[in-house]
Amino acid sequence: GLIMFIETAEGLLNIKDILKSAHELSDDSFFVPEAIVFGSDDFAADIGATRTKESTELFYARQAVVTAAKAFKLQAIDLVYIDYKDLDGLERQSLEGAQFGFTGKQVIHPGQIAVVQKAFTPPQARIEWASQLIKEFEDHQEAGAGAFVFRGQMIDMPTVKQAQNVLQLSSKDS
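Residues numbered from 1 in each chain as written. Predicted model: local features only at pLDDT ≥ 70, side-chain atom pairs only at ≥ 80, totals over all residues. Heavy atoms only, no water.

### Quick look at the sheet that holds strand β3 (residues 75–78)
Thought 1: What the four strands build is an open sheet, ordered β1-β2-β3-β4; its pairing is parallel. Here the strands that pair on one side only, and so sit at the sheet edges, are β1 (2–6) and β4 (104–105).
Thought 2: Sheet analysis places strand β2 (residues 33–38) next to β3, joined by three bridges and oriented parallel. Residue pairing for β3: V37 is matched across the bridge by I77.
Thought 3: The sheet strands contacting helix α2 (residues 15–26) are β1 and β2, and the helix crosses β1 at an angle near 165°. (Pairing = 2+ DSSP bridges. Helix = DSSP H or I, 4+ residues; strand = E, 2+ residues; numbered from the N terminus. Contact = heavy atoms within 4.5 Å. Axes fitted to C-alpha atoms, helices over the stretch in contact; angles between N-to-C directions.)

Put into structure tokens, the structure is as follows:
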């Protein structure tokens, strides 16, 4: 598979064209696009930003990368956390990336792997929520009903899609 990196302002501005070209060229190639990686440190240097642990200087770019990846049905790989001894900071940033919609994260040290894997794996309670929601959704569909109430919340298709995403992620861990 083909894994592409976005590491510059120009690359970010051209992300749609890059991904579109990669898909078009894959028709005649063995290199099928699989993922896009956000190269945060090169990107920060390119735009003249100062890297911080909070990564607020990269918020827009992170959102743009994950959005483009999802639009082209690719995995979205989040930025690297370079303070490899700060596992609490790594966990915070990994959970944030998972909440943004990233499907994985770059690591630079073996000690980071377990933290990242845990952060990107849906917790058992979330998997149970998703499983039950999908079951009730299917029951309502059979009955010809549309939106419904589940655990006190109105459920519509975007919430069903979120539940499907959780189950898809959890099935990759099995």
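Okay, back to it.
### What about the packing of aromatic side chains?
Thought 1: Counted under the stated rule, the structure contains two aromatic pairs.
Thought 2: Look at F59 and F100: their rings are 5.6 Å apart centre to centre, the planes differ by 85°, and that puts the pair in the edge-to-face class. Here the residue F59 occupies a position in helix α4 (residues 59–71), and F100 occupies one in helix α5 (residues 87–100), the gap between them amounting to 41 residues.
Thought 3: Looking at F100, the relative accessible area reads 22%, which means it is partly exposed.
Thought 4: Across from the ring centre of W129, 4.1 Å away, lies the NZ or CZ of R126, which sits over that ring. (Phe/Tyr/Trp six-rings, centres within 6.5 Å; stacked < 30°, edge-to-face > 60°. Buried < 20%, exposed > 50% of the residue type's maximum accessible area, 1.4 Å probe, protein only. Lys NZ or Arg CZ within 6 Å of the ring centre and 35° of its normal.)

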